[in-house]
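# Working through the structure, step by step
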Amino acid sequence: MNHLALSTIILSFHTVTLGKPLQGIQKTSASGETESHQDDIVYRRRTRRSVMSCTRTCYWPKSRDGLVNIPVKVSAEFSAEERATLAEAMQEFITLTCVKFINHTAEHDYLDINVANHCWSFFGKIGGKQQLGLMKSGCIHKGAIQHELSHALGFIHEHTRSDRDEYVKINWQYVAQGEEENFEKVASLNLGLPYDYASVMHYGAYDFSNTTGRATIVPIPNASIPIGQRLGLSNLDVKKINKLYSCNYCSTVLSNSSGNFSSDNYPSSYPSNVECLWLIRIPQDKVLLKFHVFDLELSPNCTSDYIRIYDGISRNSPILIDKFCGTGQLPIAVAFGSTMLIQFVSDNEATAAKGFTASYTHVKCGGTFTDASGAITSPDFPERYPKNQDCLWIIRAPIGSKISLTMSSFELEDSVNCRYDRLIIHDGSQVGSQVFGPYCGRMEVPALTSTGSFVQIEFQTDVAFEFQGFKLDYSIN
């Protein structure tokens, strides 16, 4: 069975004929009489006594390989772009947990995702053809899709868990009439994990409010804590899935605009026989990743312990740095988008190596280049570059190779010491690497050849004046 892949969007689909539009949630289905709960959850009426408290029978089963394979069928009424969004939403589950959404073929139990006038899902696995509804105008966003898929996995709304009164206050006076059920607590299993304000399963502060500007949910004791995000699975969302389904996965989501992380046990030696993933998902711009300490066991072709960095959210994404190990050079990478996946693997042999520490932040433009040759240009080249830019490009060559640079066009704002707009070239990724520049105006930028396998190109502009910019050709020798 093939897992869904973003690169090919292999979601299968079928044609459906919608009957009377759903008003809220449908009340009956082919699988038996049903009732709605908390706006978007459907449960089977005969299991009302245990609603919102799954037993093992309402979890999706594990295969012999330890994976939770969930067949999926998607309506042909969704466009190719909408199916791509569905695949992206599912990919975070696939990458970070043992839950794998696969194309439905002949399986008896499967998710049947259809167009509806409401976002809704059954709670947990019900067996057979299990419908899940997504409204085109409001549900085709990654976090909203993940919200409904999480209900299908057996997860409740975060703000209704049994201990919620310790973390949020419900302003009942501002809850719209008839919507009180959306805020009722349930006797939940909280898996021994903390309350998660950042959960994709948490309602927003003003959901179902009867008064504009009046919050129905207020975090305590700090009312300014954001709630109700739909950008993607939170770190605790991932931990809850892996714990509920006994996934032996080491996965972390890093969703702030900047942050730090390290290998397990750092600065002591890292454990053997592990595979850990860090998904960096920043709100905007491009991810910039820097390693500050890097000490992994050295082996031929890094076959023992290594890190690998992907430009995206899956191991099918383009590789920015492939199997890096040893000590010395500090890896650095810039994604072409707002996500980056870091994979760390150690073999079953103990080591004295300490591992690594790294930090991430964001830049407005840049990327990592690994092709044998190419060109790096200022934004919008040969048109004038924008104001207020902060760009970083990395050229990475195989170990033992060198990088040759030739500037074929160059025009920036001229200023003393290039204090306004400037280009700087770093020969390597170390703190003490040789620096060339800054260059500005119509300065001659000499041809350069690196001493190692990394080159960094920085480009910064201020808030005034725009020029044509530059084109820098490179080749790896």
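What comes next is a walk through the structure. Remember, predicted model here, so these are calculated numbers, not experimental data.

## Side note on helix 1 (residues 80-96)
Given a rise of 1.5 Å per residue, 17 residues ought to cover 24 Å, and the 25 Å separating the end C-alpha atoms of helix 1 matches this to within 8%. For helix 1, the principal kink sits at Met90 and spans about 25°. Within helix 1, 13 of the 17 residues are buried, which leaves the element mostly enclosed by the surrounding structure.

## Considering the packing of aromatic side chains
One pass over the structure, following the stated rule, counts 23 aromatic pairs. Aromatic side chains Phe291 and Phe356 sit 5.4 Å apart centroid to centroid with 70° between the ring planes, which places their arrangement in the edge-to-face category. Pair noted here: Phe291 is in strand 15 (residues 286-295) and Phe356 is in strand 20 (residues 355-363), with a separation of 65 residues, a long-range link. You'll find Phe291 and Phe356 in the same group, each marked buried. Ring centres of Phe324 and Phe454 lie 6.1 Å apart, and the angle between their planes is 70°; on these two criteria the pair is classed as edge-to-face.

## Quick look at the state of the cysteines
A covalent bond between the sulfur atoms of two cysteines is what we call a disulfide. Applying the stated rule across the entire model yields 6 disulfides. Here Cys365 connects covalently by a disulfide to Cys391, the sulfurs 1.6 Å from one another. The sign of the 65° torsion about the S-S bond sets the Cys365-Cys391 disulfide as right-handed. Taken as a pair, Cys365 in strand 21 (residues 365-369) and Cys391 in strand 23 (residues 390-396) lie far apart in primary sequence, 26 residues in all. Classification of Cys365 as buried rests on a relative accessible area of 10%. Since its relative accessible area comes to 1%, Cys391 is described here as buried.

## Notes on the side chain of Glu413
Here Glu413 lies in the loop between strand 24 (403-411) and strand 25 (422-427). For the buried Glu413, no salt bridge exists, and the shortest N-O distance to an oppositely charged side chain is 8.2 Å, to Arg419. If we skip the residues at most four places from it in the chain, Glu413 touches Tyr385, Tyr420, Asp421, Cys440, Gly441, Asp462, Ala464, Phe465 and Phe467.

## A short note on the sheet that holds strand 26 (residues 434-439)
Judged by pairing direction, the sheet is mixed, and its 5 strands sit side by side in the order 21-23-28-25-26 without closing on themselves. Where the open sheet ends on each side, the last strands, each with one partner, are strand 21 and strand 26. Averaged over all pairs of adjacent strands, the angle between their axes in this sheet comes to 10°, without regard to strand direction. By the bridge criterion, 4 bridges tie strand 25 to strand 26 in an arrangement that is antiparallel. Directly across from Asp427, in strand 26, lies its bridge partner Gln434.

## With respect to the nonpolar core
Residues Phe101, Ile113, Leu134, Leu153 and Tyr245 are the most contacted members of the largest nonpolar core, which totals 45 residues. Put simply, the parts of the chain that give this core at least two residues each are strand 5 (68-75), helix 1, strand 6 (99-103), strand 7 (110-115), strand 9 (129-134), helix 2 (142-153), helix 3 (235-244) and strand 14 (274-281). Examining the composition of this core, we find that 6 residues originate from one element, helix 1, more than from any other. If you look at the next biggest cluster of nonpolar residues, it comprises 38 residues, including Val287, Tyr306, Leu320 and Phe454.

## As for the pattern of salt bridges
It is possible for side chains of opposite charge to pair when their charged atoms get near one another. Summed over all chains, the structure comprises 14 salt bridges. Put simply, Arg161 and Asp163 hold a salt bridge, and the shortest N to O gap is 2.7 Å. In this structure, Asp165 and Arg164 form a salt bridge, with 2.8 Å as the shortest nitrogen-oxygen distance. Ionic contacts of the salt-bridge type, sharing partners, join the residues Glu88, Glu92, Lys142 and Arg281 into one network.

## A look at the sheet that holds strand 19 (residues 339-346)
Through backbone hydrogen bonds, the strands of a sheet pair up, either in parallel or in antiparallel fashion. Here 5 strands make up an open sheet; going across it, the order is 12-14-19-16-17 and the pairing mixed. Across the chains shown, the open sheet's two edge strands, defined by having one partner strand only, are strand 12 (250-254) and strand 17 (319-324). For this sheet the average axis-to-axis angle between neighbouring strands, irrespective of direction, equals 15°. Note that strand 16 (residues 306-310) and strand 17 share 3 bridges and pair antiparallel. The residue of strand 17 that forms the bridge with Ile307 is Phe324. The sheet contacts of helix 1 involve strand 12, strand 14 and strand 19, and relative to strand 14 the element is tilted by about 155°.

## So, the packing of helix 1 against helix 2
Look at helix 1 against helix 2: their axes get within 9 Å of each other, and the N-to-C directions meet at 55°. By the angle class used here, helix 1 and helix 2 are oblique. Seen from above, helix 1 lies across helix 2 with right-handed handedness. Seen from helix 1, the contacting residues are Thr85, Leu86, Glu88, Ala89, Met90, Glu92 and Phe93; seen from helix 2, they are Lys142, Ile145, Gln146, Leu149, Ser150 and Leu153. Its residues placed into classes, the contact of helix 1 with helix 2 shows 7 nonpolar, 3 polar and 3 charged.

## Comments concerning unusual backbone geometry
Note the cis peptide between Ile220 and Pro221, where omega equals 0°. Mapping Pro221 onto the fold places it in the loop between strand 11 (217-219) and helix 3. Across the junction of Phe381 and Pro382, the peptide omega takes the value 10°, indicating a cis bond. Here Pro382 lies in the loop between strand 22 (373-377) and strand 23. In the Ramachandran plot, Ser246 falls in the positive-phi region, its phi being about 50° despite a non-glycine side chain. Even without being glycine, Asn273 reaches a positive phi, approximately 55°. Position of Asn273 among the secondary structure elements: in the loop between strand 13 (259-262) and strand 14. Here Asn273 falls in the exposed class, since its relative accessible area comes to 58%.

## Side note on the environment of Ile321
Mapping Ile321 onto the fold places it in strand 17. Between the C-alpha atoms of Ile321 and Ile342, which are 21 residues apart in sequence, the distance is 9.4 Å.

## Considering the layout of surface pockets
One number sums up the size of the largest pocket: a volume of about 640 Å³. Contributing to the lining of the largest pocket are 33 residues, with Leu231, Ser255, Arg281, Ile282 and Pro283 lying nearest its centre. Listed by contribution, the elements that provide at least two residues to the lining of the largest pocket are strand 12 and strand 13. Each residue belonging to the lining of the largest pocket can be placed in one class, and the counts come to 14 nonpolar, 15 polar and 4 charged.

Conventions used here
Residues numbered from 1 in each chain as written. Predicted model: local features only at pLDDT ≥ 70, side-chain atom pairs only at ≥ 80, totals over all residues. Heavy atoms only, no water. Helix = DSSP H or I, 4+ residues; strand = E, 2+ residues; numbered from the N terminus. Expected span 1.5 Å × (residues − 1). Bend = angle between axes of the 7 residues up to and from the residue. Buried < 20%, exposed > 50% of the residue type's maximum accessible area, 1.4 Å probe, protein only. Phe/Tyr/Trp six-rings, centres within 6.5 Å; stacked < 30°, edge-to-face > 60°. Disulfide = S-S within 2.5 Å. Lys, Arg positive; Asp, Glu negative; His and termini not counted. Salt bridge = Lys/Arg side-chain N within 4 Å of Asp/Glu carboxyl O. Contact = heavy atoms within 4.5 Å. Pairing = 2+ DSSP bridges. Axes fitted to C-alpha atoms, helices over the stretch in contact; angles between N-to-C directions. Core = buried A, V, L, I, M, F, W, Y, C linked by side-chain atoms within 4.5 Å. Parallel < 35°, antiparallel > 145°, perpendicular 65-115°, else oblique. Left-handed = near helix turned anticlockwise from the far one by under 90°. Nonpolar A, V, L, I, M, F, W, Y, C, P; charged D, E, K, R; others polar. 1 Å grid on protein atoms, 1.4 Å probe; cavity = no way out; pocket = protein on both sides within 12 Å on 5 of 7 lines; lining within 4 Å. Points joined across faces, edges and corners; volume = space filled by probe spheres on them.

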